[in-house]
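Residues per chain, in single letters:
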Amino acid sequence: MVMRAVYISLVALNLTACQHLADYSWPTNSAPIKANKPQVISKPISKPTSTIKQQPVVVAPVERVEPKDDLPVTTPTITKPVLPPPVLVQPNRKLADGRDMPAVQGLLVTASEHLRVGKLEEAATSLERAQRLAPQSATVYQRLAEVRLQQGRTIEAEQLARKGLSYAQGNAQQAALWHLVAQAAERQGKQDAANQARNKALQLEMAGDRG
């Protein structure tokens, strides 16, 4: 009895084990084939990206060049056109002659009368008054220089004659004044100055008054 019970138990165990075995029978058309395959989830294939390492940009320092004082500074040469010198037109001098003034004419006549009778100082006084009225009259300077020369005041006579040359208008009047300079210089013993003055007087006389 015991052996039978054991046998029944073994048979029961075998049946139970057979139920848990997989079905390896050939499939028919009526039933689809079901395979217990693990589900594979497809992932997008990502290509490995190449990593580009950026090299740091190295900026070289700019060297500052200091100007040197010993270097010569060259400037461009600009050639300017050479212009002829301007022609200066001297205006006609309007002299304060005054010799035609009635007062000056009267004083000149009075001086001539004093000279005729030998009154040299009175003649000089009249001419000095005329000079104050006509300070640029070469005629008054010439007459006064003649009086001072007669008085023996040769230095003053030469100065008056040279002053009159500054206002003389014609060659004849300039020649007469140079003759007075020559006489006054000769009496002072200045022979060279006298000869030069006399030569200038002769040249003016030869040239004459033109026009």
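Residues numbered from 1 in each chain as written. Predicted model: local features only at pLDDT ≥ 70, side-chain atom pairs only at ≥ 80, totals over all residues. Heavy atoms only, no water.

Peer 1: What is the right way to look at the packing of helix α2 (residues 102–116) against helix α4 (residues 138–150) in this model?
Peer 2: Helix packing for two helices is described by the angle between their axes and how far apart those axes are. Relative orientation of the contacting elements α2 and α4 amounts to 20°, with a least axis distance of 12 Å. Judged on the interaxial angle alone, α4 and α2 are roughly parallel. The crossing of α2 and α4 is left-handed. Listed contacts from α4 to Val104, Leu108, Ser112 and Leu115 of α2 are Val140, Arg143, Val147 and Gln150. Here the contact of α2 with α4 is composed, by residue class, of 5 nonpolar, 2 polar and 1 charged. (Axes fitted to C-alpha atoms, helices over the stretch in contact; angles between N-to-C directions. Helix = DSSP H or I, 4+ residues; strand = E, 2+ residues; numbered from the N terminus. Parallel < 35°, antiparallel > 145°, perpendicular 65-115°, else oblique. Left-handed = near helix turned anticlockwise from the far one by under 90°. Contact = heavy atoms within 4.5 Å. Nonpolar A, V, L, I, M, F, W, Y, C, P; charged D, E, K, R; others polar.)

Peer 1: What is the right way to look at the packing of helix α3 (residues 120–133) against α4 in this model?
Peer 2: Contact geometry of α3 with α4 gives a least axis separation of 10 Å together with a crossing angle of 155°. Taken as axis vectors, α3 and α4 run roughly antiparallel relative to one another. As for the relative orientation of α3 and α4, their crossing is left-handed in sense. Packed against α3, whose contacting residues are Leu120, Glu121, Ala123, Ala124, Leu127, Glu128, Ala130 and Gln131, the element α4 presents Val140, Tyr141, Arg143, Leu144, Val147, Arg148 and Gln150 at the interface. Residue classes in the contact of α3 with α4 are distributed as 9 nonpolar, 2 polar and 4 charged.

Peer 1: Explain the side chain of Ser126 here, please?
Peer 2: Its place among the elements puts Ser126 in helix α3. Aside from chain neighbours lying at most four places away, what touches Ser126 is Leu107, Thr110, Ala111 and His114.

Peer 1: Explanation requested: the nonpolar core in the structure shown.
Peer 2: It is characteristic of soluble globular proteins that their nonpolar side chains tend to be buried jointly. In this structure, Val104, Leu127, Trp178 and Leu180 are the most contacted members of the largest nonpolar core, which totals 32 residues. The set of elements that each furnish at least two residues to this core consists of α2, α3, α4, α5 (154–165), α6 (171–187) and α7 (191–207). Excluding residues within four positions of it along the chain, Trp178 makes contact with Arg162, Leu165, Ala197, Lys200, Ala201 and Leu204. (Core = buried A, V, L, I, M, F, W, Y, C linked by side-chain atoms within 4.5 Å. Buried < 20%, exposed > 50% of the residue type's maximum accessible area, 1.4 Å probe, protein only.)

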